[in-house]
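So you can see what is in the structure, the chains are spelled out below.
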Amino acid sequence: MRFPKTRLRRLRKGENVRRLTRNVSLSKDDFLYPIFVKEGIEEKREIEGLPGQFHRPLDGLEEVLSECEELGIPGVLLFGIPGEKDEKGSEAFDSEGIVQRAGRKIKKSSELTLFTDTCLCQYTSHGHCGVLSEGGLDNDKSLKILKKVAISQAEAGADYVSPSAMLDGQVKSIREGLDEEGYGSVGVMSYSAKFNSSFYGPFRAAAESAPKKIEGASKLDGRKTYQMSYGASDQPLREISLDMREGADIVMVKPALPYLDIIRRASESFDIPISAYQVSGEYAMIKEASRSGVIDEKDAFLESLMSIKRAGANFIITYAALDVARWLDES
Ligand code: PBG
């Protein structure tokens with residue numbers, strides 16, 4: 001028997017058939033929007049390096065919350081930039097801290113699901129994700145502080161706390177802390193597979209959280225001693241499986257686009273929702289390239305986000321969430 005001529009182009013000949021035959025799609029259900037609340041400012045200010053994203057004062061949060069709700073975005077990931085920093089990041093677990101006040105406000109004035117970033121780097125004077133001792137990051141001392149941060153965020157209304165410090169045992173310690181304090185219904189989205197990435201550059205400038213070179217911390221080399229090396233492809237799976245055993249409800253791969261292989265392997269290996277973070281550098285690259293006219297912004301965002309879904313992510317944290325929701329409304 002002769003094979004008929006293969007013509008895959010028959011499946012591409014019109015938009016309708018292309019719609020019918022694709023098996024991955026994007027919807028508003030797929031996005032979590034990161035927001036930055038900053039102490040000590042009166043008006044929202046555009047963040048340099050993240051065009052279209054803002055530092056917002058506590059009193060200016062309603063605007064972005066109602067935008068998210070009107071567009072149908074399910075939730076926000078909240079970051080705080082405190083007025084003062086110290087060695088152990090005390091503002092991160094202060095019940096009157098900027099994130100705690102913002103959390104209460106968000107829960108009072110919206111129905112959005114609130115995820116809080118649970119880390120110390122925005123709050124420590126040295127910019128590291130925990131406390132330091134003997135020239136390095138002290139894992140177990142930092143765990144105790146991170147647990148307090150998580151509890152204070154739960155108290156303020158967080159639906160999911162999101163540890164991003166890459167400390168060993170962070171999910172277990174937080175889960176135990178939440179349960180002891182009666183926050184059994186508050187979940188943990190762990191930044192499980194977080195790579196030591198150059199793509200966090202614009203975020204660190206925005207959050208004023210770049211790690212400093214400091215005397216007495218000779219072992220620290222940026223965040224290389226705690227975030228994963230990008231040459232490791234099995235370690236992220238081990239991190240995820242440990243976090244699952246420690247009680248994570250959602251696990252994250254971060255960044256997204258340079259790590260699609262990890263998202264794919266994780267989604268095939270584990271039965272747990274996987275989020276992927278399209279980080280500041282990924283966003284800024286698309287913004288810059290489209291500003292100079294070399295690529296089309298909308299197409300580039302839709303393509304990159306679709307590829308993250310295609311790799312197996314359940315949802316995506318992206319600074320483009322609001323724009324994408326508007327584009328989806330138009331189409
Ligand atoms: C805090 C944290 C970082 C990001 C999210 N949470 C920065 C870092 O690890 O230095 C990066 C997000 C982005 O680049 O958009 N640990």
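Once a new chain begins, its residue numbering starts again from 1 and follows that chain's sequence as written. This being a predicted model, a pLDDT of at least 70 is required before a residue's local features are given, and a value of 80 or more before pairs of side-chain atoms are given or counted; all residues contribute to the totals for chains, interfaces and linings. Water and hydrogen atoms play no part in the side-chain values, which are based on all heavy atoms of the structure.

### Details of the site of the ligand
- If a single non-hydrogen atom of a residue is within 4 Å of a molecule or strand, that residue counts as near it. The local shell around the ligand holds 18 residues, among which K194, R204, K254, S280 and Y319 are the closest.
- The separation between a nitrogen atom of the ligand and a polar side-chain atom of K254 is 3.5 Å.
- Between the ligand and S280 there is a distance of 2.7 Å, counted from an oxygen atom to a side-chain nitrogen or oxygen.
- Protein contact buries 100% of the 400 Å² of open area that the ligand shows by itself.
- Of all elements in the fold, only strand 9 (187-194) and helix 6 (201-207) reach the threshold of two or more residues within the shell around the ligand. Here a polar contact is recorded for every N or O atom pair within 3.5 Å, except that within protein the pair must consist of a potential hydrogen donor and a potential acceptor, and residues adjacent in sequence are included only if both atoms are side-chain atoms. With residues, only the protein chains shown are counted as cover, and all accessible areas are computed by Shrake-Rupley using a 1.4 Å probe. Runs of E in the DSSP output that reach at least two residues are strands. Runs of H or I that reach at least four are helices, and both are numbered from the N terminus.

### Structural notes on the packing of helix 10 (residues 297-311) against helix 11 (residues 321-330)
- To obtain each axis, a line is fitted to C-alpha atoms, and for helices this fit is confined to the stretch in contact; angles are then taken between N-to-C directions over 0 to 180 degrees. Orientation of helix 10 relative to helix 11, taken along the N-to-C sense of each, is 100 degrees, at an axis distance of 11 Å. Taken together, the axis directions place helix 10 and helix 11 in an arrangement best described as roughly perpendicular. Between helix 10, through E297, K298, F301, L302 and L305, and helix 11, the contact on the second element is made entirely by D323, V324, W327 and E330.
- Note on residue classes: Ala, Val, Leu, Ile, Met, Phe, Trp, Tyr, Cys and Pro are nonpolar, Asp, Glu, Lys and Arg are charged, and everything else, Gly too, is polar. Split into classes, the residues belonging to the contact of helix 10 with helix 11 amount to five nonpolar, no polar and four charged. Between 65 and 115 degrees an angle is taken as roughly perpendicular, under 35 as roughly parallel, over 145 as roughly antiparallel, and anywhere else as oblique. What makes two residues a contact is simply this: any of their non-hydrogen atoms within 4.5 Å.

### With respect to the packing of aromatic side chains
- Between rings of Phe, Tyr and Trp, where Trp is taken as its six-membered ring, a pair exists when centres lie within 6.5 Å; planes separated by under 30 degrees are stacked, by over 60 edge-to-face, and by other angles tilted. Tallying each qualifying case throughout the model produces twelve aromatic pairs.
- Here F36 and F79 contribute two aromatic rings whose centre-to-centre distance is 5.4 Å and whose plane-to-plane angle is 20 degrees, an arrangement assigned as stacked. Pair noted here: F36 is in strand 1 (residues 31-38) and F79 is in strand 4 (residues 75-81), with a separation of 43 residues, a long-range link. Assigned by exposure class, F36 and F79 land together as buried.
- Aromatic pair Y283 and F301: ring centres 5.6 Å apart, planes at 40 degrees, arrangement tilted. Of the two residues, Y283 is situated in helix 9 (residues 280-291) and F301 in helix 10; the sequence distance between them amounts to 18 residues.
- Here the term buried applies to any residue with accessible area under 20% of the maximum for its type, exposed to any over 50%, and partly exposed to those in between, with areas from a 1.4 Å probe on protein chains only. A relative accessible area of 0% means that Y283 is categorised as buried.
- A residue is classified by how much of its surface remains accessible, and F301, at 0% relative accessible area, is buried.
- By way of ring pairs, the aromatic residues F36, F79, Y191, F203, Y277, Y283, F301, Y319 and W327 are connected into one cluster.
- A cation over a ring is seen here: K44 above F54, with NZ or CZ 4.2 Å from the ring centre.
- When the NZ atom of lysine or the CZ atom of arginine is within 6 Å of a ring's centre and also within 35 degrees of its normal, the charge is said to sit over that ring. Looking at K254, its charged tip hangs above the ring of Y277, at a distance of 5.2 Å from the centre.

### A closer look at the side chain of S190
- By the secondary structure assignment, S190 is in strand 9.
- A distance of 2.7 Å separates the side chain of S190 from the side chain of D243, its partner in a polar contact.
- Beyond its immediate stretch of four places on either side in the chain, S190 contacts P163, Q170, V171, D243, A248, I250, V251 and M252.

### Details of the UniProt feature "binding site: 5-aminolevulinate 1" (unreviewed entry) in the protein
- UniProt positions are given in the numbering used here, feature names are shortened, and annotations may be inferred rather than shown by experiment. Following the UniProt record, the feature "binding site: 5-aminolevulinate 1" (unreviewed entry) maps to R204 and R223 here. Separation in sequence by 20 residues is not matched in space for these annotated residues, since their most distant C-alpha atoms are only 12.0 Å apart.
- Relative to the assigned elements, R204 resides in helix 6.
- The buried category is assigned to R204, whose relative accessible area is 17%.
- Contacts of R204, omitting those with residues within four sequence positions, involve S209, A210, P211, R223 and Q227.
- By the element assignment, R223 lies in the loop between helix 6 and helix 7 (235-246).
- Among all residues touching R223, those that are not within four sequence positions of it are C121, G127, H128, C129, N196, R204, S209 and P211.

### Notes on the pattern of salt bridges
- We count a salt bridge whenever a side-chain nitrogen from Lys or Arg sits within 4 Å of a carboxyl oxygen from Asp or Glu. Applying the stated criterion across every chain yields a total of 19 salt bridges.
- Through salt bridges with shared partners, one network takes in E15, R18 and R22.

### Here's the deal with helix 5 (residues 170-180)
- When we look at burial in helix 5, the residues that qualify are Q170, V171, S173, I174, R175, G177 and L178.
- The inward-facing, buried residues of helix 5 abut strand 5 (113-118), helix 4 (139-155), strand 8 (160-163), strand 9 and helix 7.
- G182 sits one or two residues past helix 5 and shows a positive phi near 85 degrees.

### A closer look at a positive patch on the surface
- Here, patches come from residues exposed beyond 30% relative accessible area and free of salt bridges, joined within 9 Å for like charges and within 5 Å for nonpolar side chains (Val, Leu, Ile, Met, Phe, Trp, Tyr). Counted charges follow a simple rule, with Lys and Arg positive, Asp and Glu negative, and His plus the chain ends left uncounted. Every charge is mapped onto a representative atom, which is NZ of Lys, CZ of Arg, CG of Asp or CD of Glu. Where like charges cluster on the molecular surface, the positive patch consists of R2, K5, R7, R9, R10, R12 and K13.
- Counting through the fold element by element, K13 comes out in the segment before helix 1 (15-21).

### Topic: the UniProt feature "binding site: 5-aminolevulinate 2" (unreviewed entry) in the protein
- According to UniProt, the positions carrying the feature "binding site: 5-aminolevulinate 2" (unreviewed entry) are S280 and Y319. Spanning 40 residues, the named residues form one tight spatial group whose C-alpha atoms are at most 7.5 Å apart.
- Beyond its immediate sequence surroundings of up to four residues, S280 is in contact with L50, F199, Y200, G201, P202, F203 and Y319.
- Among the polar contacts made by the side chain of S280, one reaches the main-chain amide nitrogen of F203 at a distance of 3.0 Å.
- You can see Y319 is positioned in the loop between strand 12 (315-318) and helix 11.

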